[in-house]
Amino acid sequence: MSRRVTTVDPRQILERYHGGPDTGVFTDGSCTGNPGPGGWAAVWVIAGEIIKADTGASKHTTNNRMELEALIAGLKMLPLESNHTLYSDSNLCVQTANNWAKNWKKRGWKRKGGEIANLELVKELYDLYEARPSVKITWIRAHDGSRWNEYVDALAFQAGSGF
């Protein structure tokens, strides 16, 4: 999200927040300016312990691209037979994965209202999601004190701040 000017150390987030789910893959994207420099983060957590974490950044991107990159990275962390939940605070990306991409694919990756933004990322996301039929992608409210969502938010912002 392009709302912050100061950065918070992700370790401080873990000390400050304790609410929300403690198992799943938490993802977030961040962009300073839209477009502008941005970052993404994905963290796989089981019972409050980090199993795997990944971050990335782009010098010139959009928030939606970073949100999609985070979801893709999160799915790649999980084995095909996994039944974990992926959490994203981007309702647009959650709706894309759960509702819209299936029909776009049936129509040859076309939508009724014009072009699909970030089509290459949407295709990759949907292919990874289809390959993991027991995984669930769920929306989580941003900035409501959910420990792991706040954590990936800080990691994404930190990743995108390196330019």
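Structural data are supplied above this passage.
Please read these numbers as outputs of a predicted model, since none were measured by experiment.

**Student:** I'd like a rundown of the overall build of the protein chain, residues and numbers included.
**Tutor:** Scanning the protein chain from terminus to terminus reveals five helices and five strands. Traced from its N-terminal end to its C-terminal end, the protein chain shows the element sequence α-β-β-β-α-β-α-α-β-α. Against the 2.2 N^0.38 benchmark of 15 Å for 163 residues, the protein chain shows a C-alpha radius of gyration of 15 Å, consistent with a compact globule. Seen along its three principal axes, the alpha-carbon backbone of the protein chain occupies a region of about 45 × 35 × 20 Å. Long-range contacts, defined as pairs at least 24 residues apart, comprise 70% of the intrachain contacts of the protein chain with a sequence gap of at least 6.

**Student:** How would you sum up the packing of helix H3 (residues 91–106) against helix H4 (residues 119–130)? Please name residues and give values.
**Tutor:** Where H3 meets H4, the closest approach of the two axes is 10 Å, and the angle between their N-to-C directions is 105°. Between H3 and H4, the crossing angle belongs to the class labelled roughly perpendicular. Residues Thr96, Ala97, Asn98, Ala101, Lys102, Trp104 and Lys105 of H3 form the contact with H4, whose own contacting residues are Val122, Leu125, Tyr126, Asp127, Tyr129 and Glu130. Here the residues of the contact of H3 with H4 sort into seven nonpolar, two polar and four charged.

**Student:** Could you give an account of the pairing of strand S2 (residues 36–46), naming the residues involved and the relevant values?
**Tutor:** Within S2, nine of the eleven residues are buried, which leaves it mostly tucked inside the rest of the structure. In textbook terms, the turn of a hairpin is the stretch between consecutive antiparallel strands, and for strand S1 (residues 24–31) and S2 this stretch comprises four residues, one of which, Gly33, has a positive phi near 85°. In the sheet, S2 pairs with strand S3 (residues 49–61) via ten bridges, with the strands oriented antiparallel. Bridge assignment links Val43 to a residue of S3, and that residue is Ala53. In textbook terms, the turn of a hairpin is the stretch between consecutive antiparallel strands, and for S2 and S3 this stretch comprises two residues, one of which, Ala47, has a positive phi near 50°.

**Student:** Describe in detail unusual backbone geometry, supporting the description with residues and values.
**Tutor:** Cis peptide bonds are those with omega within 30 degrees of zero, and the linkage from Asn34 to Pro35 qualifies with 15°. Among the secondary structure elements, Pro35 is positioned in the loop between S1 and S2. Phi angles above zero are rare outside glycine, and Trp109 is one such case at about 60°. Mapped onto the fold, Trp109 is located in the loop between H3 and H4. Judged by its relative accessible area of 16%, Trp109 falls in the buried class. Here the phi dihedral of His143 falls at roughly 55°; this positive angle occurs in a residue that is not glycine.

**Student:** Give me the layout of surface pockets: which residues, what numbers.
**Tutor:** Of the voids in this model, the largest pocket is the one considered here, and its volume is about 170 Å³. Around the largest pocket sit 13 residues that line it, and Leu92, Thr96, Trp104, Ile116 and Ala117 are the ones nearest its centre. Mapped by element, the contributors of at least two residues to the lining of the largest pocket are helix H2 (63–77) and H3. The residue inventory of the lining of the largest pocket, partitioned by class, reads eight nonpolar, three polar and two charged.

**Student:** With reference to specific residues and values, describe H2.
**Tutor:** The first and last C-alpha atoms of H2 sit 21 Å apart over 15 residues, in line with the 21 Å expected at 1.5 Å per residue. Restricting attention to buried positions, one finds in H2 the residues Asn63, Met66, Glu67, Leu68, Ala70, Leu71, Ile72, Ala73, Gly74, Leu75 and Met77.

**Student:** Break down the nonpolar core for me, with residues and values.
**Tutor:** Formed by 29 residues in total, the largest nonpolar core has its most connected members in Leu75, Leu86, Trp109, Val122, Leu125 and Ile137. Considering every element that reaches this core, the biggest residue donor is H2, with eight residues. Ignoring anything within four residues of it in the chain, the contact list for Leu75 reads Leu86, Leu125, Leu128, Tyr129, Arg132, Val135 and Ile137. If you look at the next biggest cluster of nonpolar residues, it comprises 14 residues, including Leu14, Ala41, Tyr87 and Ala156.

Parameters and conventions
Residues numbered from 1 in each chain as written. Predicted model: local features only at pLDDT ≥ 70, side-chain atom pairs only at ≥ 80, totals over all residues. Heavy atoms only, no water. Helix = DSSP H or I, 4+ residues; strand = E, 2+ residues; numbered from the N terminus. Rg over C-alpha atoms; globule rule 2.2 N^0.38 Å. Contact = heavy atoms within 4.5 Å. Axes fitted to C-alpha atoms, helices over the stretch in contact; angles between N-to-C directions. Parallel < 35°, antiparallel > 145°, perpendicular 65-115°, else oblique. Nonpolar A, V, L, I, M, F, W, Y, C, P; charged D, E, K, R; others polar. Buried < 20%, exposed > 50% of the residue type's maximum accessible area, 1.4 Å probe, protein only. Pairing = 2+ DSSP bridges. 1 Å grid on protein atoms, 1.4 Å probe; cavity = no way out; pocket = protein on both sides within 12 Å on 5 of 7 lines; lining within 4 Å. Points joined across faces, edges and corners; volume = space filled by probe spheres on them. Expected span 1.5 Å × (residues − 1). Core = buried A, V, L, I, M, F, W, Y, C linked by side-chain atoms within 4.5 Å.

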